[in-house]
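# Coordinate inspection notes
This is what each chain is made of:
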Amino acid sequence: MTTRHPFLRLAAVLALSTSTVLTACTPGLAEGAAPSPPRGEISTVADNLDAPWSIAFHGRTALVSERDTGRIVEIGDQGATREVGVIDGVAPRGEGGLLGIAVHRGFLYAYYTASGENRIERFPLTGTPGRLGLGRPTTVLAGLPAASFHNGGRIAFGPDGMLYATVGDAGNRAAAQDVAVLAGKILRMTPDGKVPRGNPFAGSLVYSYGHRNPQGIAWDIRGTMYASEFGQDTWDELNVIKAGANYGWPEVEGIANRRGFTDPVQQWRPAEASPSGIAITRGSIYIANLRGQVLRQVPLDRLSTSTERLVREYGRLRDAVVAPDGSLWVLTNNTDGRGDPNPGDDRILRVARP
C-alpha cells in the first residue's frame, strides 16, 4: 500500500456533526498495539484499474466493476487485483457498460447496459477470498431504458432490505415525469425484482421520479435516503429522497420553489461537480465528483453547506464507499475517455478515519 500526503492539514477542521477538530497526529497506543494511521491520511489500496465504476464489499473483500471490460475485479492483499469474472452481454457505449454493483446475502448484483436495454442481474458468489467466482446469473429486472448517456446505474440495498436502483432518463426528458415509465426514476424492489409493499404507486417499482441522471444513493443512521444527481447546464443536485416525490426534471433544474416539486437541499454548477457515488459516515455525506474533481463533504446537520476535499489532486472521482474497517474508499475515474490519466490510474484511494 503506497502512502500519500494527509487528507487534512494540521489543525484543519473537518465539518462533522460533532464539530470535532481532527488533526494529522497518531493517537496514543497501548503497548504492543499496531499504530493507527493519522486521521485523514490518504493511501492507495489498488491501482491500474480500467474505467472502474463501483465498489462493493463481500464480507471484508472488495469487488470493483469495470465499465468497458465488463469485469468484476477482486482486490486482494497488498492491492493485488484478480478477475472474478466477466459479465456476459455487457455492451459498453458512451456512458453505458457495467455500472453499479451490490452484494447481498452471498449474491453479487450488477446493473449493466446490454444491447438495447439496461438490466439488473444477480450472481451467486462462489469460492473464498482469493478464489471468488460468479455462478449462473438470474435476471432481476430487464428492459430498463438505455442510451449512450444518462443511464443512472447505481444500485444499493437500503436499511429495509430492499434493492434500490437509479435509472437515468436515457435522453427521453419527458419520460422522467411519467410514472408509468421507468426512465428518470429511483426504483425500489425486492431482492428478486418484485414490487414490495410500501411503494408509493400501486403495482409499480417507482419510488421517486422527475430525475435526470441520479448516480449516488445512501442512507443515514435514521434511514433517511439521499441521492446525487447530474443536472444539465445549470445545477447538479443533492436530494433527500421521499417516497412518491417529484424532483422536477425536466420542468425544473435545481432549487425552483415551485409547488408540486421537491427541491434539492444543495446544488452546484456542473463544471464544479458532476456528482456520482456517495457514502455516509461520521455525520457527513461524501460525494465523489467527476468534472469538479473533488470529494465533497456535506455535514448531515447542515445540508446546505459543504467542504471540498482532494481538490483536483487525483482527477475525476466516481465512487465513495465506507469500508468494513470504517475508512472511506474513493474510486478515481480517469481512464473512462474523459479524464487525463496519470501513471497507475485508475486507483482506489483510502481515507483513514475520515
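Residues numbered from 1 in each chain as written. Predicted model: local features only at pLDDT ≥ 70, side-chain atom pairs only at ≥ 80, totals over all residues. Heavy atoms only, no water.

Note on sheets: strands pair through backbone hydrogen bonds, and any given pair is parallel or antiparallel. Read across the sheet, four strands follow the order S20-S21-S22-S23 without closing on themselves; strand pairing throughout is antiparallel. The open sheet is flanked by strand S20 (275–281) and strand S23 (307–309), the only strands paired with a single partner. Within the sheet, the average angular offset between the axes of one strand and its neighbour, ignoring direction, is 25°. As defined by bridge partners, strand S22 (residues 295–299) adjoins S23 across three bridges and the pair is classed as antiparallel. Across the sheet, the residue bridging to arginine 296 is glutamate 308, located in S23. (Pairing = 2+ DSSP bridges. Helix = DSSP H or I, 4+ residues; strand = E, 2+ residues; numbered from the N terminus. Axes fitted to C-alpha atoms, helices over the stretch in contact; angles between N-to-C directions.)

Here we come to the nonpolar core. A general tendency of soluble globular proteins is for nonpolar side chains to be buried together. Tyr109, Ile120, Ile155, Leu163, Leu187 and Met189 are the most contacted members of the largest nonpolar core, which has 19 residues in total. Among the elements of the structure, strand S7 (98–104), strand S8 (107–114), strand S11 (138–144), strand S12 (155–157), strand S13 (163–167), strand S14 (185–189) and strand S15 (206–209) are those that each provide at least two residues to this core. Not counting the four nearest positions on each side in its chain, leucine 187 is found in contact with Leu141, Leu144, Leu163, Tyr164, Ala165, Val167, Leu182, Leu205, Val206 and Tyr207. Formed by 15 residues, the second largest nonpolar core is a distinct cluster that contains Ile101, Leu108, Ala110 and Ala114. (Core = buried A, V, L, I, M, F, W, Y, C linked by side-chain atoms within 4.5 Å. Buried < 20%, exposed > 50% of the residue type's maximum accessible area, 1.4 Å probe, protein only. Contact = heavy atoms within 4.5 Å.)

The next point concerns unusual backbone geometry. The amide bond that connects tryptophan 249 to the next residue, proline 250, takes the cis arrangement and shows omega of 0°. Among the structural elements, proline 250 can be located in the loop between strand S18 (236–241) and strand S19 (266–268). Residue aspartate 346 is reached from aspartate 345 by a cis peptide bond, and omega for that bond is -5°. Its location among the elements puts aspartate 346 in the loop between strand S25 (328–332) and strand S26 (348–351). Positive phi, normally seen in glycine, also occurs at alanine 51, with a value near 45°. By secondary structure assignment, the location of alanine 51 is in the loop between strand S2 (41–46) and strand S3 (52–58). Positioned with a positive phi, asparagine 257 is a non-glycine residue whose angle comes to about 55°. Tracing the sequence through the fold places asparagine 257 in the loop between S18 and S19.

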